[in-house]
Structures are given as C-alpha cells and as structure tokens.
Amino acid sequence: MKTKPSLIHPLLTILIATLISWSFAPQSARAHGSEEAMKAFMEPYGKIQVALANDDLPAAQKAAKALPLDKDAQVIAASKNLDDARTAFKHISKKAIRMAADDEGYYVFKCPMVDDGYWIQTSTKCANPYMGKSMPGCGKMFTKEDAMKLFGSSPSSSMPGM
C-alpha cells in the first residue's frame with residue numbers, strides 16, 4: 001500500500017534549521033533584516049533582564065526556556081542561584097547588544113561594580129540585572145552613538161571587557 005508523501009518532514013527540517021541559525025548567530029539574523037528573529041530573541045532576553053533586576057530566579061529561568069537552542073539561556077534556565085544566572089547573563093547580553101544596540105527603543109548600560117557587566121533594555125531607567133534589588137539604579141547608560149562606537153552591531157565587532 002502506497003502512502004502520500006508528507007510535507008511535515010521537510011517543513012520540520014526547515015523549521016529546525018531556522019531555529020538553530022537563530023540560536024548560534026542571532027546577530028546575523030538581525031543583520032539580514034529579520035525583525036521576527038530579533039523579536040524572538042529580544043523578548044525573552046528582556047524578561048530575563050527584568051527578572052534578574054528583581055532578584056527573581058524562577059522568572060529568569062522561565063524566560064530563558066523560551067530560547068531552547070541558546071546555550072547561555074539554558075545555563076540560566078538550569079541555574080541553581082542568582083549568581084550563576086547572572087554570570088550566564090553576561091554572555092547572552094553580548095548577543096542581545098550586538099543585535100539591538102542600534103535600534104530605537106533599546107538602551108545599553110554598564111554596571112561599574114561588575115566586570116563585563118553590560119546589558120541592554122527597553123527603558124531609560126536603569127534596572128541593573130547584576131546587582132538586583134540591592135542596587136537597581138547602579139549603571140551608566142550609553143548614548144546610541146557611544147554604544148555603536150563601542151559595540152557595533154555586527155558579529156565580528158569586539159566589545160570592551162568581553
């Protein structure tokens with residue numbers, strides 16, 4: 001008995017390949033004009049940032065699970081404590097900054113108390129994910145121009161202290 005060829009297998013292959021490419025190089029997806037890819041990464045990233053700023057490990061873990069193919073997000077999802085989650089957040093922040101630093105509505109910050117303590121957020125009011133509730137306003141916001149000079153938005157750009 002012959003069965004009709006299924007479209008599910010090729011479609012799943014395309015979907016998986018797309019998700020993997022987003023995970024390994026979110027900035028390249030952004031560079032190619034994929035606003036959907038940027039939103040798919042930045043939305044959970046923003047939730048992680050807010051959760052860490054509020055010392056809310058369970059919320060950070062939940063948000064990180066929305067990025068199942070990103071190894072740094074999975075470290076956050078599996079973190080046993082806020083310190084481990086915040087260390088992994090440094091790495092995921094590199095990707096987010098490269099992806100969105102030049103977009104309107106995103107602001108790059110640096111915590112002077114933490115080595116490599118950079119992050120990006122959607123508010124101009126500092127919400128420090130590294131110091132949490134103990135020092136929520138500890139951070140310097142970069143101008144868009146300075147952020148682009150320091151970080152650029154391409155995968156090959158170097159980030160100071162990272």
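Look up a bit, the structure's there.
On a predicted model such as this, the values are computed, not experimentally measured, just so you know.

Asker: For this particular structure, what's the right way to read the overall build of the protein?
Answerer: If you tally the helices and strands in the protein, you get seven helices and three strands. Starting at the N terminus and ending at the C terminus, the protein contains elements arranged as α-α-α-α-α-α-β-β-β-α.

Asker: Please explain empty space enclosed by the protein as it appears in this structure.
Answerer: Empty pockets left among the atoms are what a rolling probe the size of a water molecule brings to light. This model, assessed by the stated rule, comprises one cavity of 30 Å³ or more. Each pocket or cavity is described by its volume, and for the largest cavity that value is around 30 Å³. As for the largest cavity, its lining consists of A101, Y106, Y107, V108, F142, T143, K144 and A147. A per-class count over the lining of the largest cavity returns six nonpolar, one polar and one charged.

Asker: I'm lost on the nonpolar core in this one. Help?
Answerer: Where a protein is soluble and globular, its nonpolar side chains tend to be buried together. Counting residues in hydrophobic clusters, the biggest one holds 39 residues, and the most contacted among them are M42, I48, I76, F89, I92 and I120. Listed by contribution, the elements that provide at least two residues to this core are α3 (35–53), α4 (57–64), α5 (71–78), α6 (82–100), β1 (107–110), β2 (118–121) and α7 (144–151). With eight residues, α6 is the single largest residue contributor to this core. Not counting chain neighbours up to four residues away, the residues in contact with M42 comprise A96, M99, A100, Y106 and I120.

Asker: Honestly, the packing of α5 against α6 in this entry has me stumped. Any pointers?
Answerer: A pair of packed helices is characterised by two quantities: the angle between their axes and the separation of those axes. Where α5 meets α6, the closest approach of the two axes is 8 Å, and the angle between their N-to-C directions is 155°. Here α6 runs roughly antiparallel to α5, going by the angle between their axes. Two packed elements cross with a definite hand, and for α5 against α6 that hand is left-handed. Of α6, the residues touching α5 (which contributes D72, A73, V75 and I76) are A85, A88, F89, H91, I92 and K95. In terms of residue class, the contact of α5 with α6 is made up of seven nonpolar, one polar and two charged.

Asker: Where do I start with α3 in this structure?
Answerer: Since the α-helix turns once every 3.6 residues, residues separated by three or four places project in the same direction. The terminal C-alpha atoms of α3, which comprises 19 residues, lie 26 Å apart, in line with the 27 Å expected from a rise of 1.5 Å per residue. Looking one or two residues beyond α3, the residue adopting positive phi is D55, at roughly 55°.

Reading the values: rules and limits
Residues numbered from 1 in each chain as written. Predicted model: local features only at pLDDT ≥ 70, side-chain atom pairs only at ≥ 80, totals over all residues. Heavy atoms only, no water. Helix = DSSP H or I, 4+ residues; strand = E, 2+ residues; numbered from the N terminus. 1 Å grid on protein atoms, 1.4 Å probe; cavity = no way out; pocket = protein on both sides within 12 Å on 5 of 7 lines; lining within 4 Å. Points joined across faces, edges and corners; volume = space filled by probe spheres on them. Nonpolar A, V, L, I, M, F, W, Y, C, P; charged D, E, K, R; others polar. Core = buried A, V, L, I, M, F, W, Y, C linked by side-chain atoms within 4.5 Å. Buried < 20%, exposed > 50% of the residue type's maximum accessible area, 1.4 Å probe, protein only. Contact = heavy atoms within 4.5 Å. Axes fitted to C-alpha atoms, helices over the stretch in contact; angles between N-to-C directions. Parallel < 35°, antiparallel > 145°, perpendicular 65-115°, else oblique. Left-handed = near helix turned anticlockwise from the far one by under 90°. Expected span 1.5 Å × (residues − 1).

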